[in-house]
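Inside the fold
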Amino acid sequence: MKALIIVDLQNDFCPGGALPAPEGDHIVPVINKLMNKFYLIVASKDWHPESTVHFEKWPAHCVRKTSGAEFHPGLNSAKIQKVFLKGTDDKDDGYSAFEATNENLAEYLRKKQVSELYVTGLVTEYCVKQTALESLRQGFKTFVVEDAVQGINAHPNDVPQAKAEMEEAGAHFIKADEV
Ligand code: VGL
Ligand code: ZN
């Protein structure tokens, strides 16, 4: 069984948001189409309290229940079976979707007999990377859909370096059309 995870495809990580990936919105149609190839689709949301140590490193973003924390309006979110909320603690970053506090992602996937996880969303060098690395540690065969992720790329090597790290750890990079 394979599952699709959409990491943090929220307004604040898209152009016009508080912490945007410059082309974050470009992956929305790619993911909408990709969803047709999966029975099991889950997503994560960065879901921060108003005040958190995380905002000492980053501009405030994805504060729970604000419009910045909503999914990008173009995303076909009706197809998402479960949303995992992370970064909910005021004392840590909660980058990985496996750190969700409303429900345990690894247990959820195992219960659904998932063995392969396809990772998409925002942003490549933080939450996508940490989710993919933890997925590998949890024993899932892990694919990163390269035209369905986007980075902030504050330093021009950030995204290439993140990809190298994921590959080194055992992640497979594929294109949406190849899924
Ligand atoms: C993220 C930075 C801060 C992400 C979340 O979703 O990748 N990046 N919080
Ligand atoms: Zn965050």
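Data block above holds the structure.
Report on the accompanying structure. Model, not experiment: these values are computed from the prediction.

Parameters at a glance
Residues numbered from 1 in each chain as written. Chains lettered and ligands numbered in written order. Predicted model: local features only at pLDDT ≥ 70, side-chain atom pairs only at ≥ 80, totals over all residues. Heavy atoms only, no water. Helix = DSSP H or I, 4+ residues; strand = E, 2+ residues; numbered from the N terminus. Rg over C-alpha atoms; globule rule 2.2 N^0.38 Å. Buried < 20%, exposed > 50% of the residue type's maximum accessible area, 1.4 Å probe, protein only. Contact = heavy atoms within 4.5 Å. Areas by Shrake-Rupley, 256 points an atom, 1.4 Å probe, with all protein chains shown as cover. Lys, Arg positive; Asp, Glu negative; His and termini not counted. Charge placed at Lys NZ, Arg CZ, Asp CG, Glu CD. Donors = N, O, S within 2.8 Å, 3.2 Å for Na, K, Ca; no water. Near = heavy atom within 4 Å. Polar contact = N/O pair within 3.5 Å; in protein donor to acceptor, adjacent residues only side chain to side chain. Pairing = 2+ DSSP bridges. Right-handed = clockwise from strand over helix to strand, strands pointing away. Axes fitted to C-alpha atoms, helices over the stretch in contact; angles between N-to-C directions. Parallel < 35°, antiparallel > 145°, perpendicular 65-115°, else oblique. Nonpolar A, V, L, I, M, F, W, Y, C, P; charged D, E, K, R; others polar. Core = buried A, V, L, I, M, F, W, Y, C linked by side-chain atoms within 4.5 Å.

1. So, the overall build of the protein
When its secondary structure is counted, the protein shows four helices and six strands. Taken from N to C terminus, the helices and strands of the protein fall in the order β-α-β-β-α-β-α-β-α-β. For 179 residues, the compact-globule formula gives about 16 Å, and the C-alpha radius of gyration of the protein, at 15 Å, lands near that figure. Judged by the C-alpha coordinates and their principal axes, the protein covers about 40 × 35 × 30 Å. Here the protein holds 179 residues, and the buried ones make up 54% of them. Within the protein, residue pairs in contact and separated by at least 24 positions form 75% of the contacts whose partners lie at least 6 positions apart. Entry remark: accessible area of the protein is about 8,200 Å², with carbon and sulfur atoms responsible for 47%. Computed over 19 positive and 26 negative side-chain charges, the inter-centroid distance for the protein is 7 Å.

2. Comments concerning the coordination of the zinc ion (ligand 2)
Geometrically, a metal with four donors at the corners of a regular tetrahedron has ideal angles of 109.5 degrees, and one with six donors at the corners of a regular octahedron has ideal angles of 90 or 180 degrees. Bound to the zinc ion (ligand 2) are the protein donor atoms Asp46 (OD), His48 (NE2), His54 (NE2) and His61 (NE2), situated 2.1 to 2.2 Å from the metal. As a motif over one chain, the donors of the zinc ion (ligand 2) read D-x1-H-x5-H-x6-H.

3. Details of the site of ligand 1
What surrounds ligand 1 is the set Asp8, Phe13, Leu19, Asp46, His54, Trp58, His61, Tyr95, Leu122, Val123, Tyr126 and Cys127. Between a nitrogen atom of ligand 1 and a side-chain N or O atom of Asp46, the distance comes to 3.1 Å. Interatomic distance of 2.9 Å between a backbone N/O atom of Cys127 and an oxygen atom of ligand 1. Burial of ligand 1 by the surrounding chains reaches 100%, relative to a free accessible area of 260 Å².

4. A few points about the pairing of strand S1 (residues 2-7)
Regular strands have side chains that alternate between both faces of the sheet. Most of S1 is tucked away: five of the six residues are buried. In the sheet, S1 pairs with strand S4 (residues 116-122) via six bridges, with the strands oriented parallel. Within S4, the position partnered with Ile6 by the bridge is Thr120. Where S1 meets strand S2 (residues 40-46), five bridges bridge the pair, whose relative direction is parallel. Following the sheet pairing, Ile6 is matched in S2 by Ala43. Tracing the backbone out of S1, into helix H1 (residues 28-34) and back to the parallel element S2 gives a crossover that is right-handed.

5. Focus: the packing of helix H3 (residues 124-137) against helix H4 (residues 158-169)
Viewed as axis vectors pointing N to C, H3 and H4 meet at an angle of 0°, and their least axial separation amounts to 10 Å. Classified by the angle between their axes, H3 and H4 sit roughly parallel to one another. Within the contact between the two elements, H3 uses Thr124, Glu125, Val128, Lys129, Ala132, Leu133 and Leu136 and H4 uses Asp158, Val159, Ala162, Glu165, Met166 and Ala169. Classifying every residue of the contact of H3 with H4 by side-chain character gives eight nonpolar, one polar and four charged.

6. Focus on the nonpolar core
Ranked by internal contacts, the top residues of the largest apolar core, which has 61 residues, are Ile6, Leu9 and Leu109. Ignoring anything within four residues of it in the chain, the contact list for Leu9 reads Cys14, Gly24, Ile27, Val28, Ile31, Glu70, Phe71, His72, Leu75 and Leu122.

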